[in-house]
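# Structural characterization, general
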Amino acid sequence: MHRSLSNLTQRIDRVLLERLIPAIYRDVEPVTVEAAHLPGEPVPADVGLALPYAPFAVGQFWGPAWSTTWFRFTGEVPERMRGGRVELIVDLGFERAGPGFRSEGLAYTADGTPIKGIEPRTAYVPVAREAAGGERVEVYVEAAANPRFDGTVTQLGDRETAPDTPLYRLDRAELALRDEEVYALVLDVQVLHQLALELAVTDPRHHEIRRALELMLDELDLGDLTGSAPAARKRLAGVLASPAAPSAHRVTAVGHAHIDSAWLWPVRETIRKCSRTFSNVVALADEYPELVFACSSAQQYAWLREHHPQVYRRVAEKVASGQFLPVGGMWVESDTNMPGGEALVRQFTQGKRFFAAEFGIEPREVWLPDSFGYSGSLPQLARLAGFRWFLSQKMSWNQTNRFPHHTFWWEGIDGSRVFTHFPPAETYSSELSGRELAFGVANFTEHGRSTVSLLPFGYGNGGGGPTREMLEIARRVADLEGSPRLAIRTPAEFFAEAEHEYPDAPVWNGEMYLEYHRGTYTSQSAMKRGNRHTEHLLREAELWCATAASRTGHEYPYDELDAIWQETLLLQFHDILPGSSIAWVHREARQTYARLADRLETLIDAALAALTGPGSVPLVANAAPHPRPGVPALGIAPAPADGTGPDAPAVSVRTGPDGTVLDNGLLRVRIATDGTVAAIRDLVADREVLPAGAPANVLQLHPDLPNKFDAWDVDEFYRNRRHDLTEVTELTVQADDPRCVRVRISRADRDSAYVQTVSLAAGERVLRFETEVDWHERETFLKVAFPVDVQATHSSSEIQFGHLQRPTHTNTSWDAARFEICAHRWLHVGEPGYGVALVNDGTYGHDVTRRPPGDAQGAQPTTVRLSLLRGPRYPDPDTDRGAHRFGYALVCGAEIEDAVREGYRANLPARRRTGGHPVDPLIEVSDPAVVVEAVKLADDRSGDVIVRLYESLGGRARARLRASFGLAAARVVDLLERADESVAALAPVTVEGDAVDLALTPFQVVTLRLTPARA
């Protein structure tokens, strides 16, 4: 037979868009509108409702960027709407934009009770399901004028630079009667139409659905949609009732609303986004009892508890009923590349403790759908925190290589494994469309071994969450021929089934490196330095406060440390620490880091004063886990102890036409007249550290305009052009202290100025650098290069609680894609018998390369570069403009053990003070391979001492930990400081007096709980 001679798809699309969807509301009634405008910060609801309101009309403009307008809508349900479903429809000027990215609001009753969010895809407020007629309507909407960002350079990212021009127009405000049959028909048609478009034209089911849709259209009277909709629906009933094939893939659908804790909006707006989205969810949960909604980030619950207690109480009710699901167990969905090891621990412990205290719930799945790659330390930390499963989907963003699995075991650097799933639909914000469902099935890599996958649905990033349309779709595709079976279930139910079905899933070892967003290791330099500095100040504060509490009875500041940790953890959110938020976010973050540093310095000073007592004895406090000359690890000793030792020879200086030569008997360093380091002779190893003719500490500029996502990305072609900074405006030698000689080099280039200080101290094989930059470059990448004369096939980079190796070659596309990598305090390259480490005190981006391509014979040197600054213009057009300081050092003749030690020393400088007496360490560890990462008092305020340590070299170690106090008990606990037999079995210990003997496997993290003997 002949097929239809007209285009059926076009016919369906037009009838849907032009006739059916507009007819969902078949009758409308205008309401009275009044408004009160707030140019500044938001106010609580009771204040907003009491503002002086003035008449306002549909069509008027409102809302300069970041302002708030309170609207009051009043009216009366007309008699003609009696018995029907009546809703207030409010269009704040959405222009069909996605939810959470433009204007949005929260609706309240007249007594200040939140109702639900008002957003582009959910712009209604329920008035009556069965209207009585004559009912009085009074609804208030707190409307936020959040500007939309589309990738263009703009000053809208900070209220301090945004113009006062109103951004939005109130486009609609009216009572509307919903036509239930037309609404249901729209959903029927959308589900079937989308399904048919995904089915192959050779599939009979495709044609069966298309024929039913054609008959539906013929049945529909476009002049009487209300009257003909029931009959039109009957034409579709048969194809909607046809069940899925027995072998159909099964999808677990989970309501979701990934809300970035800051991104294209400030933190204060995230607080309101949470109130809007969570109000939507609890309202939907009343109407759709099958809804389950997964929500991570304890921080967001804490905000809701503080700022919107009424919504929080409703959320708590839905948590108790099992519809609102705390997942993830982290304080925020953090970045996992740059936070330190102890910070990742606290992400888990702070999040889990909050959920346990507030709801009696302990999530078992780590939930990080949008972070920019995943550290190889995470599996061990997750398991030690009581997690078994891991969810993400971000690896689907890889630019070069397709990640090979959707369901698999992820193995960390220590061998721990978590059962992991990536939703094959490759989204955490599904609309449950036919295309997404079909793609998820076609894309799933585990067919034949696994039959289930997970799909988070609901508008995300800016919030919004699930809609009633999505839930209606879920009902229709639950068991529908041609579609996967879909059931709304909890993530825990999915993971338990998936693991049971596929216990021998493949294993992915090590980090999950995202081949994208590599610029986030460098963008917004102040975030990186602030994070590193705060983490180490927290370490010091906990160490000295715990020591002071144990020794002197000094009051341990539990609440203050908790509050500081929570603020620090928030700033590790995956769009704050990576530097990919608007200017407002980073301005506030810089202020927060400064404030936290002041608070921590006060805590440290008070604890040290309590420990050392009054007096004028010069003392040095060493919070590092390794001793300094004359100062034990974690202890306080008499000065002088500057790291060189009192008997170290002086540093000699010679200046000639070829530059300045510094010599301390261990290293001989020549600094050329252009300010670069021309040569380093390791006098201990009797070899040159640098290749001939290849200077080090060379500042290099590259053009930096990635193809997409300015603040996020660095593309490999940036390397094609390079400008070395070799012009010197001033070079001076500072030799007034013969035990540490400095050479100061000043440069100016384009609009920026650079001052570098190179220093060599007595008694060290370490060449130190301090670089100060007054940065005014745009779309420019600043690196500093260190070519070293070692043939390294791989580099070793510090990550949390260990390190990992990455190839320096580009044999495969996987190797080539790692052209920018993340390292913490150090990066090491070496060959058997000799190595070099580059340590730093506040940066993360690096690259490691071999000699450029070309004809070469013999050993090939290796170049390590540290990434210092970028100049992206979006979303913050003034990223990093201003003054910066970077500290880094080249450690010559370094093994991994030396790199670990010097990395800690660079980030935990000795503190000099006066007091009454030195202080022995609270605990000591015998093996330098076993590193103490944290010393604190137990969170349960029992007075027990918590010591977290790890094996740092990637081998096996035996160590004795000795406490300076009597021990009543010592046991291995999980990260939440709880007894756990499975965790304790991993690290059996023996206690002998005040000593604890333990054996560690490679990169093993052990948390010891030491109970002091009490009189």
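A short tour of the structure in this document, coming up. (Residues numbered from 1 in each chain as written. Predicted model: local features only at pLDDT ≥ 70, side-chain atom pairs only at ≥ 80, totals over all residues. Heavy atoms only, no water.)

Time to look at the overall build of the protein. When helices and strands are counted, the protein shows 19 helices and 53 strands. On C-alpha atoms alone, the protein measures out to a radius of gyration of 32 Å, which is about the 31 Å that the 2.2 N^0.38 rule sets for 1015 residues. Along the longest, intermediate and shortest principal axes, the C-alpha atoms of the protein span 100 × 75 × 60 Å. Every one of the 1015 residues in the protein was classed for burial, and the buried ones make up 62%. Nonlocal contacts in the protein, meaning residues at least 24 apart in sequence, comprise 74% of its contacts between residues at least 6 apart. Total accessible area computed for the protein in this model is approximately 36,700 Å², and 50% of it derives from carbon and sulfur atoms. For the protein, the distance from the average position of its 106 positive side-chain charges to the average position of its 137 negative side-chain charges is 1 Å. (Helix = DSSP H or I, 4+ residues; strand = E, 2+ residues; numbered from the N terminus. Rg over C-alpha atoms; globule rule 2.2 N^0.38 Å. Buried < 20%, exposed > 50% of the residue type's maximum accessible area, 1.4 Å probe, protein only. Contact = heavy atoms within 4.5 Å. Areas by Shrake-Rupley, 256 points an atom, 1.4 Å probe, with all protein chains shown as cover. Lys, Arg positive; Asp, Glu negative; His and termini not counted. Charge placed at Lys NZ, Arg CZ, Asp CG, Glu CD.)

Looking now at the pairing of strand E41 (residues 834-840). Counting buried positions along E41 gives 7 out of 7 residues, so the element sits mostly inside the fold. Across the two faces of E41 the burial is the same, with Tyr834, Val836, Leu838 and Asn840 and Gly835, Ala837 and Val839 all buried. Where strand E40 (residues 826-831) and E41 come together, 6 bridges link them in antiparallel fashion. Following the sheet pairing, Glu831 is matched in E41 by Tyr834. Once E40 ends, the chain turns through 2 residues before running back antiparallel as E41, passing Gly833 with a positive phi of about 100 degrees. (Pairing = 2+ DSSP bridges.)

In spatial order, the strands read E31-E30-E36-E43-E42-E39; together these 6 strands make up an open sheet with antiparallel pairing. Across the chains shown, the open sheet's two edge strands, defined by having one partner strand only, are strand E31 (723-724) and strand E39 (821-822).

In this section: the packing of helix H6 (residues 267-287) against helix H8 (residues 309-321). Relative orientation of the contacting elements H6 and H8 amounts to 45 degrees, with a least axis distance of 10 Å. If you check the angle between H6 and H8, you find them oblique. The interaxial crossing formed by H6 with H8 has left-handed handedness. Note on element contacts: H8 touches H6 through Val311, Arg314, Val315 and Lys318, opposite Ser275, Phe278, Ser279, Val282, Ala285 and Asp286. Split into classes, the residues belonging to the contact of H6 with H8 amount to 5 nonpolar, 2 polar and 3 charged. (Axes fitted to C-alpha atoms, helices over the stretch in contact; angles between N-to-C directions. Parallel < 35°, antiparallel > 145°, perpendicular 65-115°, else oblique. Left-handed = near helix turned anticlockwise from the far one by under 90°. Nonpolar A, V, L, I, M, F, W, Y, C, P; charged D, E, K, R; others polar.)

The subject of this paragraph is the nonpolar core. Counting 271 residues, the largest nonpolar core has Phe278, Phe324, Met512, Trp544, Ile680 and Leu1010 as the members making the most contacts within it. Counting residues per element, this core draws most heavily on helix H16 (residues 583-612), which supplies 12 residues. Phe324 has contacts with Phe278, Val281, Val282, Phe293, Cys295, Tyr301, Val315, Lys318 and Val319, leaving out every residue within four places of it along the chain. The next biggest cluster of nonpolar side chains, apart from the first, holds 30 residues, and it includes Val31, Phe56, Val77 and Ala123. (Core = buried A, V, L, I, M, F, W, Y, C linked by side-chain atoms within 4.5 Å.)

Each aromatic ring pair is described using two quantities: the centre-to-centre distance and the angle formed by the ring planes. In this structure the tally under the stated criterion is 43 aromatic pairs. Ring centres 6.3 Å apart and planes at 70 degrees place the aromatic pair Phe278 and Phe293 in the edge-to-face group. In this pair, Phe278 is assigned in helix H6 and Phe293 in strand E14 (residues 293-295), connecting sequence segments 15 residues apart. Taking relative accessible area as the criterion, Phe278 reaches 0% and is therefore assigned buried. Look at Phe293 and you get buried, because its relative accessible area is 0%. (Phe/Tyr/Trp six-rings, centres within 6.5 Å; stacked < 30°, edge-to-face > 60°.)

Okay, unusual backbone geometry next. In this structure, Pro875 follows Tyr874 across a cis peptide bond, with omega equal to 5 degrees. Within the element layout of this structure, Pro875 appears in the loop between strand E43 (862-869) and strand E44 (882-892). Notably, Phe709 is not glycine yet its phi reads approximately 55 degrees, a positive angle. With respect to the helices and strands, the residue Phe709 is situated in the loop between strand E30 (698-703) and E31. On the basis of relative accessibility, which here comes to 30%, the residue Phe709 falls in the partly exposed class. For Asp880, which is not glycine, the phi torsion reads 65 degrees and is therefore positive. Note on placement: Asp880 falls in the loop between E43 and E44.

This brings us to the environment of Lys936. By the element assignment, Lys936 lies in strand E47 (residues 930-937). With relative accessibility at 2%, the residue Lys936 sits in the buried group. Taking the C-alpha atoms as reference, Lys936 lies 20 Å from Ser952; in sequence the two are 16 residues apart. With residues up to four places along the chain from it excluded, the contact list for Lys936 reads Arg346, Glu542, Ala546, Tyr556, Asp944, Val945, Ile946 and Glu977. Looking at Lys936, its side chain comes within polar contact range of the side chain of Asp939, at 3.1 Å. (Polar contact = N/O pair within 3.5 Å; in protein donor to acceptor, adjacent residues only side chain to side chain.)

The next subject is the environment of Val698. Position of Val698 relative to the elements: it lies in strand E30. Taking the C-alpha atoms as reference points, Val698 and Ala785, separated by 87 residues in sequence, lie 5.2 Å from one another. The contact partners of Val698, leaving out residues within four places of it in the chain, are Thr676, Asp724, Lys783, Val784 and Ala785.

This part is about the side chain of Asp335. By the secondary structure assignment, Asp335 is in the loop between strand E15 (324-326) and helix H9 (341-359). Of the side chains with opposite charge, Lys528 comes closest to the buried, unpaired Asp335, at an N-O distance of 8.0 Å. Reaching out from Asp335, the side chain makes a polar contact with the backbone nitrogen of Met338 at a distance of 2.8 Å. When sequence neighbours within four positions are dropped, the list of residues in contact with Asp335 reads Leu344, Ser371, Gln572, Phe573, His574, Leu577 and Pro578. (Salt bridge = Lys/Arg side-chain N within 4 Å of Asp/Glu carboxyl O.)

Reading across the sheet, the 6 strands line up as E3-E2-E5-E10-E7-E8 and stay open at both edges, with antiparallel pairing between neighbours. Since the sheet does not close on itself, it has two edges, and those belong to strand E3 (54-55) and strand E8 (114-118), each with one partner. Docked against the sheet, H6 engages strand E5 (68-76), strand E7 (104-108), E8 and strand E10 (136-144), running at close to 110 degrees with respect to E8.

Throughout the structure, instances matching the rule amount to 95 salt bridges. Here Glu501 ties to Arg250 by a salt bridge, and the two come within 3.8 Å at their closest N and O atoms. Here Glu501 is found in helix H13 (residues 491-501), whereas its partner Arg250 is found in strand E13 (residues 250-256), with 251 residues between them in sequence. The exposure class of Glu501 is partly exposed, given its relative accessible area of 27%. Since its relative accessible area comes to 29%, Arg250 is described here as partly exposed. The salt bridge partner of Asp686 is Arg681, with a shortest N-O separation of 2.5 Å. Of the residues examined, Asp686 reaches a relative accessible area of 55% and is grouped as exposed. Classification of Arg681 as partly exposed rests on a relative accessible area of 23%.

All right, on to a nonpolar patch on the surface then. A contiguous nonpolar patch, built from Val653, Leu731 and Val733 and spanning about 180 Å² of accessible area, is present on the exposed surface. Classification of Leu731 as partly exposed rests on a relative accessible area of 31%. (Patch = residues over 30% accessible without salt bridge, like charges linked within 9 Å, V, L, I, M, F, W, Y side chains within 5 Å.)

Under the criterion given, the structure shown has 0 disulfides. There is no disulfide at Cys274, and the cysteine sulfur nearest it, in Cys295, is 7.0 Å away. You can see Cys740 has no disulfide; the closest cysteine sulfur is in Cys892, sitting 15 Å from it. Exposure remark for Cys740: the relative accessible area of 15% places this residue in the buried category. (Disulfide = S-S within 2.5 Å.)

This next bit is on helix H11 (residues 434-443). Within the sequence span of H11, burial applies to Gly434, Glu436, Leu437, Gly440 and Asn443. For H11, the elements touching its buried residues are helix H3 (180-198), strand E20 (452-457) and strand E21 (485-488).

Another aspect to go through is the side chain of His586. Summarising the element assignment, His586 is placed in helix H16. Contacts of His586, omitting those with residues within four sequence positions, involve Gln524, Met527, Asp575, Ile576, Gly579, Ser580 and Ser581.

Worth remembering: the numbers are spatial, not functional.
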